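This is what each chain is made of:
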Amino acid sequence: QVQLVESGGGLVQPGGSLRLSCLASETIFRTYAMGWYRQAPGKQRELVAVITQPGDANVADFVKGRFTISRDNAKNTVYLQMNSLKPEDTAVYYCNTCTNWGTPTGSWGQGTQVTVSL
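The model shown is predicted, which means the values in this text are computed figures rather than measured ones.

Criteria and thresholds
- Residues numbered from 1 in each chain as written.
- Predicted model: local features only at pLDDT ≥ 70, side-chain atom pairs only at ≥ 80, totals over all residues.
- Heavy atoms only, no water.
- Pairing = 2+ DSSP bridges.
- Helix = DSSP H or I, 4+ residues; strand = E, 2+ residues; numbered from the N terminus.
- Axes fitted to C-alpha atoms, helices over the stretch in contact; angles between N-to-C directions.
- Disulfide = S-S within 2.5 Å.
- Buried < 20%, exposed > 50% of the residue type's maximum accessible area, 1.4 Å probe, protein only.

Novice: Explanation requested: the sheet that holds strand β5 (residues 46–51) in the structure shown.
Specialist: Taken in spatial order, the six strands line up as β2-β10-β9-β4-β5-β6 in an open sheet, and their pairing is mixed. One side of each edge strand has no neighbouring strand; the edge strands of this open sheet are β2 (10–12) and β6 (57–59). For this sheet the average axis-to-axis angle between neighbouring strands, irrespective of direction, equals 25°. Taken together, the seven bridges between strand β4 (residues 33–39) and strand β9 (residues 91–98) define a ladder with antiparallel strand orientation. Of the residues in β9, the one forming a bridge with W36 is C95.

Novice: How should I be thinking about the state of the cysteines in this particular structure?
Specialist: Counted by the stated rule, this structure contains one disulfide. Each sulfur of the disulfide joining C22 and C95 lies 1.9 Å from the other. Taking the sign of the torsion about the S-S bond as the criterion, the disulfide between C22 and C95, at about 60°, is right-handed. Taken together, the positions of C22 in strand β3 (residues 18–24) and C95 in strand β9 put the pair 73 residues apart, joining distant regions of the chain. Each member of the pair, C22 as well as C95, carries the same accessibility label: buried.

Novice: Sorry, what's going on with unusual backbone geometry here?
Specialist: Most peptide bonds take the trans configuration, and most residues that are not glycine carry a negative phi. Its identity as a non-glycine residue notwithstanding, N76 has a phi of 55°, on the positive side. The residue N76 is located in the loop between β7 (67–72) and β8 (77–82) in this model. Although it is not a glycine, S84 adopts a positive phi angle of roughly 50°. When you line up the elements, S84 lands in the loop between β8 and β9.

Next comes the structure, spelled out in structure tokens:
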């Protein structure tokens, strides 16, 4: 069973930054693309960013220029650097294994809450 542990969320003021981390088991991390997703209250879960196993990265248009996805293969960890945060970025953020196009393929973890507010 794939185990993914998200961390790094919290409360931040608009314009602030956070870095989310997702730790995965070594076998899974070295095999699959990884994606970050988010779900705001009352909304469907949406893809935020995806990074392939070789390291090709893409982010959704609504976070382009503000968020960056990266992976550290030595640490089996994928990161989501979030800058210039806006209140509309408030959501629970999840990571998951996925296809190179961002379709999730694994089970969902508990996620990490990001709240952007004064």
